[in-house]
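Chain and residue survey
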Amino acid sequence: MMYMMPFGRRNDSLMNLFDQMERSFWKDTGASFSSFPTDIKDEGDQFTLTAELPGFNKEDIRLDLNNGVLTIAAKHEDTTEQKDEKGNYLCRERHYGSYQRSFSVSGIDESAITASYENGVLKLNLPKETPVVTEARQIEIQ
């Protein structure tokens, strides 16, 4: 099972081995597969999660909540074409990028999570669940 650690993976993890293999395979191409930076702040009654996703439109970002796990995914595609007067390509470039991170939301009121996106920064408000306090009462014997 993958470890859900917001600050990275353990060094002895099998996934860390795959990450190292991927980085060594792609290092000469200039490709980068780093995840997006996030900050999580405890505000008392809620957590605030901010994620930096510059260059993405709001429509490129997807938030999924499933079985106590919040997943933030972002995809971006860009195509640039240059043609001569006959319609032949002189240059045609395609850029594609996607990122995805998952976070445990145990102890969070999932129905009250809100999100906003402005200037490349995704902000989520994650209200903490209020503990249910049962009241003591006396039962009358009939």
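Scoring rules and cut-offs
- Residues numbered from 1 in each chain as written.
- Predicted model: local features only at pLDDT ≥ 70, side-chain atom pairs only at ≥ 80, totals over all residues.
- Heavy atoms only, no water.
- pLDDT = per-residue confidence, 0-100.
- Contact = heavy atoms within 4.5 Å.
- Pairing = 2+ DSSP bridges.
- Helix = DSSP H or I, 4+ residues; strand = E, 2+ residues; numbered from the N terminus.
- Axes fitted to C-alpha atoms, helices over the stretch in contact; angles between N-to-C directions.

A closer look at the confidence of the model for the chain
Put simply, the chain has an average pLDDT of 79, and 75% of its residues get 70 or more. The low-confidence segment residues 1-9 (pLDDT under 50) makes twelve contacts with residues lying over four places distant or belonging to another chain. In the predicted structure, residues 28-33 sits below a pLDDT of 50 and forms three contacts with residues beyond four places in sequence or in another chain.

As for the sheet that holds strand β7 (residues 121-127)
Reading across from one edge, β1-β2-β7-β6 is the order of the four strands in this open sheet, with antiparallel pairing throughout. Each having just a single partner strand, β1 (38-42) and β6 (114-118) make up the two edges of the open sheet. Direction aside, the axes of adjacent strands within the sheet are offset by 15° on average. Alignment of β1 against strand β2 (residues 46-52), held across five bridges, turns out to be antiparallel. When the sheet's bridge partners are listed, Thr38 is paired in β2 with Ala51.

Concerning the pairing of β7
One ladder, built from seven bridges, connects β2 with β7; its direction is antiparallel. Its bridge partner being in β7, Thr48 is matched across the sheet by Asn125.

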